[in-house]
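# Structural features, examined
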Amino acid sequence: MTWIDQLTPLAQFALFSAIKIICVFSVLMFIVAYAVWVERKVSAAIQDRHGPNRVGIFGLLQPAADAVKAFLKEDFTPGHVRKVYFWLAPAIVMIPSLLTVAIIPFGSRLGAQKMVIADLNVGILYTFGIVSLGVYGIVLAGYAANSKYPFLGGIRSTAQMISYEIAMGMSVIPIFLLVGSLNLGQVIEYQTGNVFHWLIFKQPLAFGIFLAAMFAETNRLPFDLPESEQELAGGYNVEYSSIKFALFFMGEYAAMTAASAMMVTLFLGGWTLPIAGLDQPAQTIGIGLLQIGVFLAKMLFVEFMVIWVRWMWPRFRYDQLMDLGWRRFIPLALANIVATAVVLWGVAK
Amino acid sequence: MKIGVEHYLTVSIILFCLGLLGVIVRRNLLVIYLSLELMLNAANLALVAFSRFNNDLDGQVFVFFVITVAAAEVAVGLALIVALYRKRRTAHVEDLTLMKL
Amino acid sequence: MAQLPDILFYVFAFLTLACGFLVVLNPFSTNPVTSAMFLVLTIGSLAGLFVLLHAFFLAAVQILVYAGAVMVLFLFVIMLLDLPAEERRKVKKAGLVLGLISVGAILTIMLQSLLQSSFSSEAAPTLEGSTIPLGRLLFTQYLLPFEIISVLLLVAMVGVILLSKKDLK
């Protein structure tokens, strides 16, 4: 590995960043593809069906078959749409979730390299900034379609995402009061040592609000009002077909994966495990890989839970959704901030 | 040439003038409002640049306040535009000439 | 050889000004939604300039508040009020000429004054706009303005709710 040492620090940084970006991107895309498969299998099990079982053993090649189908179908653009936005919207949908995973520490280190693409000291603010951009893809899709059901879906999603963003942002403030830093690496460091140091046990209320807001932000049931098939005939993506529709579909699962990763980092201890010294930065490559495995396992567990909820819960009514967001979660989150601050102040005294 | 405060100020001035041009030229209330936001952002850039090159955080605090005021201003302004639209069915300044004799 | 931050400055400055121009005078479309989307891009590039000025917190707040909340509100209202007739109205020639003249005069005055002033640029800037010093300043020296601004937000909220009541008399 001498040629790597001969590079300038900038070139080394660029090289390692590029490798990390490629790895994270491919893992994310793989998870997105198989999350669809898991979703169909889980729904089948819950509804006492078989689910996909024709392509490969257990239907394991189904994602590949779906991708081929999406590419080969006719890419139809209806005559009445606003063309530029119609093309732009599916591309925008993917971007926020890809940008979110950039700051999530998915492992401690391999060799001298930290396992995070960008170690920002305003990490969480950056995440919320990016998450708040997620609404554009859906709004533009609704606007581009130039017909009433997609437009209603777009308007609904704007209101829903703005409302739950506030609850989401408020719910994590107590965490940063406890940790004393906005950096996600330090949030994980704070949760080492004992399983009860995980913030899910220290801040159960914040966890609950964050969990609900996560469902609302990713437009998953029980809060999938922007799409709701029965009322809006599919919502913002009615006019889309073939690969453009597939991009919306992938965008939803990518957002779900990014949100699960965020939840693991904030509340479930990230890549740490309080046994066998797995909560200290790794000294060897093997431990480093194991910690990445721990992170992935936790993330997939959260994602499985999100999928499970979808097939167990009915959809909320729109007024119930707004009522829950504004009149329950936001006051609760505010109370939680005050309570945490008072306790911290008392301890400091 | 090293990038100094004057470079940032040039960008800020041009951006401010673009916003001003928009306010003068465009006739849609909403676009005029967008141009106003452009002017506020130009001022923010100048404040942050001064703050950085004078080693003084006060400029950044001001930007924080400007962003907050801008958010409040946009909310009230848009509510006014919606109320106006309900009464007059237009968001176009040339159709809103009630004061003209 | 030029340094990386310098190159990035020119990239972001160009993006800011180009998108800013397209907000105001887009030759291809007078659709307000297009203007709003270009304003989002302008705000994003400005956040890039903030990062180059080491104002990380403000860059994040810029994206979070401006791009994420204020502009979404704009889009919301533009879409609600959207009328097909509004898109087709052209910018008036006389207004454009007069506007260009007056704005050109102001631009000249400002750039002239910028050229005449001198900036001492020997000392390299060391300020880091990180969160903790900014927060400390906000809650000590600027506590009163901070409290006033929170009251302002409350007043704005009450005003907006009152204004958007349907039976406003």
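As the structure is a prediction and not an experimental result, all values here were calculated from the model.

### Quick word on the pattern of salt bridges
Residue and element names in this part refer to chain A. Following the criterion strictly, the structure yields five salt bridges over all chains and no others. For Asp66, the salt bridge goes to Arg40, with nearest N and O atoms at 3.4 Å. With Asp66 in helix H3 (residues 62-72) and Arg40 in helix H2 (residues 9-46), this residue pair connects regions lying 26 residues apart in the sequence. Classification of Arg40 by relative accessible area gives partly exposed; the value is 34%. The partner of Asp323 in a salt bridge is Arg327, and the shortest N-O contact between them spans 2.8 Å. Placement of the pair is Asp323 and Arg327 together in helix H14 (residues 318-348), with a separation of four residues, close to one helical turn. The network of salt bridges with common partners includes Asp323, Arg327 and Arg328.

### Describing the environment of Ser108 of chain A
Residues and elements named next belong to chain A. Along the chain, Ser108 falls in the loop between helix H4 (83-100) and strand E1 (109-110). Owing to a relative accessible area of 8%, Ser108 belongs among the buried residues under this scheme. Through-space distance from the C-alpha of Ser108 to that of Ile188 is 9.9 Å; in sequence the pair is 80 residues apart. When near neighbours in sequence (up to four residues on either side) are disregarded, Ser108 contacts Gln113, Lys114, Met115, Trp271, Pro281, Ala282 and Gln291.

### What about the interface of chain B and chain C?
Where interface size is quoted, it is often the accessible area lost as the parts come together. In this complex, chain B contributes 74 residues to the contact, which on the side of chain C involves 79 residues. Of all residues in chain B, the largest losses of buried area upon contact with chain C belong to Arg26, Leu34 and Arg52 of chain B, amounting jointly to 11% of the total for that side. Put simply, chain B and chain C have zero salt bridges between them. In this structure, the connection of chain B to chain C is made through five residue pairs in polar contact (both at pLDDT 80 or more). Sorting the residues of the side of chain B that touches chain C by element identifies helix H1 (5-25), helix H2 (29-53) and helix H3 (58-88) of chain B as the ones contributing at least two each. The element best represented in the side of chain B that touches chain C is H3 of chain B, accounting for 25 residues.

### Section: the arrangement of the chains
Between all two pairs of chains that are in contact, chains B and C come out with the most contacts. Nothing in chain A touches chain B, and the closest approach of their C-alpha atoms is 14 Å.

### A look at the packing of H2 of chain B against helix H1 (residues 4-24) of chain C
Running from amino to carboxyl end, H2 of chain B crosses H1 of chain C at an angle of 155°, the nearest separation of the two axes being 9 Å. Viewed along their axes, H2 of chain B and H1 of chain C adopt a mutual orientation that is roughly antiparallel. Where H2 of chain B crosses over H1 of chain C, the handedness of that crossing is left-handed. Where H2 of chain B approaches H1 of chain C, its residues Val31, Leu34, Ser35 and Leu38 of chain B are matched on the opposing element by Gly20, Val23 and Val24 of chain C. Along the lines of polarity and charge, the residues of the contact of H2 of chain B with H1 of chain C split into five nonpolar, two polar and no charged.

### Topic: unusual backbone geometry
Even without a glycine there, the phi angle at Asp48 of chain A is positive, about 60°. Here Asp48 of chain A is to be found in the loop between H2 and H3. A positive phi is found at Asn55 of chain B, a non-glycine position, where the angle reads about 50°. Along the chain, the position of Asn55 of chain B falls in the loop between H2 and H3. We classify Asn55 of chain B as partly exposed; its relative accessible area is 35%.

The rules behind each value
- Residues numbered from 1 in each chain as written.
- Chains lettered and ligands numbered in written order.
- Predicted model: local features only at pLDDT ≥ 70, side-chain atom pairs only at ≥ 80, totals over all residues.
- Heavy atoms only, no water.
- Salt bridge = Lys/Arg side-chain N within 4 Å of Asp/Glu carboxyl O.
- Helix = DSSP H or I, 4+ residues; strand = E, 2+ residues; numbered from the N terminus.
- Buried < 20%, exposed > 50% of the residue type's maximum accessible area, 1.4 Å probe, protein only.
- Contact = heavy atoms within 4.5 Å.
- Buried area = accessible area lost by both parts, 1.4 Å probe.
- Polar contact = N/O pair within 3.5 Å; in protein donor to acceptor, adjacent residues only side chain to side chain.
- Axes fitted to C-alpha atoms, helices over the stretch in contact; angles between N-to-C directions.
- Parallel < 35°, antiparallel > 145°, perpendicular 65-115°, else oblique.
- Left-handed = near helix turned anticlockwise from the far one by under 90°.
- Nonpolar A, V, L, I, M, F, W, Y, C, P; charged D, E, K, R; others polar.

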